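Given next are the chains, with one letter for each unit.
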Amino acid sequence: MIRTALVTGANRGIGLEIARALSGPAGIRVVAAARRAADADAVATELGGDAVGAALDLLHPFEAARVAERLDERFGGIDILVNNAGIMPAGGILDADLEDFQRCLAVNTVGPFALIRALAPRMQRRGRGRIVNVSSGWGSFAERLGGPVAYSASKAALNALTVSAAAELDPAVKVNSVCPGWVRTRMGGPQATRSPEEAADTPVWLATLADDGPTGGFFRRRQPIPW
Ligand code: NDP
């Protein structure tokens, strides 16, 4: 059985490394989703094999959900959803721009919610699914919600979605959050401590969990961390 994974934000950074790792020895067909069709197609070409690109802009969650449903039909089921794409507009409580705040919630939280809603019922019917929400330590209450306010609120809400989804869905569909660490990408900057390849390890592990693997957890370096 060919397994199929949809990875958002697959055109660069951590998402690209997740897509590369899944489409390698793991033998999974990757649907590389990116905001722009040309970027998505370029990744699919680079990955080769049966990888395909899909244009999916999370600023438009309803359209993104429709795209995901069509992909699910086209490939006879998407088994793995990696909600990786994210943005981090600057600003604290007193100076964050309201529109930025809305955009951040749309891309980082509402978009993932729309994709879960589009794909989880089908995963449940097929009796198998893995959903990985790429979150952040800045979305952890236990780590005191650092970073720009829109970002930390959006990642805390994404974590809440993980807990709700894991509780509501059939246990055959495993839903987990991951903090990739501080990573050398456009978002993390050149001073960050981890490479995108290292950062992809835990998301890929969660995406390919065995049937007795965890659900409803938050992980960093394959270890559970507090919410
Ligand atoms: P990058 O900024 O390198 O990549 C972000 C990705 O998200 C890009 O592919 C970008 O596409 C995509 N994206 C942005 N807006 C949209 C949109 N509207 N629709 C679809 N895709 C969109 O970030 P990272 O690779 O570092 O981040 C990946 C994930 O890891 C994010 O969720 C981030 O919050 C999380 N994370 C990163 C950390 C770090 O230190 N780097 C730390 C903790 C968490 P495009 O190229 O078109 O803009």
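Here, every reference points to the structure presented above.
Because the structure is predicted, anything quoted here is derived from the model rather than measured.

1. A few points about the pattern of salt bridges
Enumeration over the complete set of coordinates arrives at 13 salt bridges. For Arg20, the salt bridge identified is with Glu46, shortest N-O distance 2.8 Å. With a gap of 26 residues between them, Arg20 in helix H1 (residues 13–23) and Glu46 in helix H2 (residues 37–47) connect regions that are remote in the sequence. Between Arg122 and Asp72 there is a salt bridge whose closest N-O contact spans 3.3 Å. Remark: Asp72 occurs in helix H3 (residues 61–74) and Arg122 occurs in helix H4 (residues 98–126); sequence separation between them is 50 residues. With respect to burial, Arg122 and Asp72 carry one shared label: buried.

2. Things to note about the site of the ligand
Neighbouring the ligand are 29 residues, the closest being Asn11, Arg12, Asn84, Tyr151 and Thr185. Contact between the ligand and Arg36: an oxygen atom at 3.4 Å from a side-chain N or O atom of the residue. Taking Asn84, its main chain carries an N or O atom lying 2.7 Å from an oxygen atom of the ligand. Across the complex, the protein chains shield 95% of the 890 Å² of accessible surface that the ligand would expose by itself. Listing elements by their share of the shell around the ligand, those giving two or more residues are H1 and helix H5 (149–168). Of the residues assigned to the shell around the ligand, the class counts are 13 nonpolar, ten polar and six charged.

3. Focus: the environment of Asn84
Looking at the element boundaries, Asn84 is found in the loop between strand S4 (80–83) and H4. Residue class for Asn84 comes out buried when judged on its relative accessible area of 11%. For the pair Asn84 and Asp39, spaced 45 residues apart in sequence, the C-alpha separation works out to 16 Å. For Asn84, the contacting residues outside a window of four places in its chain are Thr8, Gly9, Ile14, Gly15, Ile18 and Val134.

4. Re the nonpolar core
If you look at the biggest cluster of nonpolar residues, it comprises 30 residues, and the most contacted ones within it are Leu6, Leu56, Leu71, Leu81, Leu119 and Ile131. No other element matches H4, which puts eight residues into this core. With residues up to four places along the chain from it excluded, the contact list for Ile131 reads Leu81, Asn83, Ile116, Ala120, Met123, Leu169, Val173, Lys174, Val175 and Asn176. Core analysis: the next-biggest nonpolar cluster, separate from the first, contains 28 residues, Leu16, Leu47, Val132 and Ala200 among them.

5. Some remarks on the pairing of strand S5 (residues 129–134)
Buried residues dominate S5, accounting for six of its six residues. Side chains Gly129, Ile131 and Asn133 project from S5 onto one buried face, and the interleaved Arg130, Val132 and Val134 project onto a second face that is buried too. Bridge count for S4 against S5 is four bridges, and the pairing is parallel. For Asn83, the partnering residue across the bridge sits in S5 and is Asn133. In this fold, S4 hands off to H4, which returns the chain to S5; that crossover is right-handed. Pairing between S5 and strand S6 (residues 173–178): six bridges, direction parallel. For Val134, the partnering residue across the bridge sits in S6 and is Val178. The parallel pair S5 and S6 is bridged by H5, and the resulting crossover is right-handed.

Conventions used here
- Throughout this document, residue positions are counted from 1 along each chain, in the order its sequence is written.
- Totals for whole chains, interfaces and linings use every residue, but because this is a predicted model, local features are given only for residues with pLDDT of at least 70 and side-chain atom pairs only at 80 or more, for both listing and counting.
- Processing note: side-chain calculations cover all non-hydrogen atoms of the structure and skip hydrogens and water entirely.
- Basic side-chain nitrogens of Lys or Arg form a salt bridge, by our definition, when they fall within 4 Å of a carboxyl oxygen of Asp or Glu.
- Helix and strand definitions here come from DSSP, where helices need a minimum of 4 consecutive H or I residues and strands a minimum of 2 consecutive E residues; each element is numbered from the N-terminal end.
- Between buried and exposed lies partly exposed: a residue is buried under 20% and exposed over 50% of the maximum accessible area for its type, with that area taken using a 1.4 Å probe on protein chains only.
- Residue proximity to a molecule or strand is established when one non-hydrogen atom of the residue lies within 4 Å of it.
- Polar contact is the term for a pair of N or O atoms within 3.5 Å; when the atoms are in protein, one must be able to donate a hydrogen and the other to accept it, and sequence-neighboring residues count only if both atoms are side-chain atoms.
- Per-residue accessibility takes into account occlusion by the displayed protein chains alone, with areas from the Shrake-Rupley method and a 1.4 Å probe.
- Only Asp, Glu, Lys and Arg are considered charged, only Ala, Val, Leu, Ile, Met, Phe, Trp, Tyr, Cys and Pro nonpolar, and every remaining residue, Gly among them, polar.
- Here, two residues are considered to be in contact whenever any of their heavy atoms come within 4.5 Å of each other.
- Each nonpolar core is a collection of buried residues, namely Ala, Val, Leu, Ile, Met, Phe, Trp, Tyr and Cys, held together in the definition by side-chain atoms within 4.5 Å.
- Any two strands with at least two DSSP bridges between them are considered paired.
- When the strands point away from the viewer and the path from the first strand over the helix to the second turns clockwise, the crossover is right-handed.

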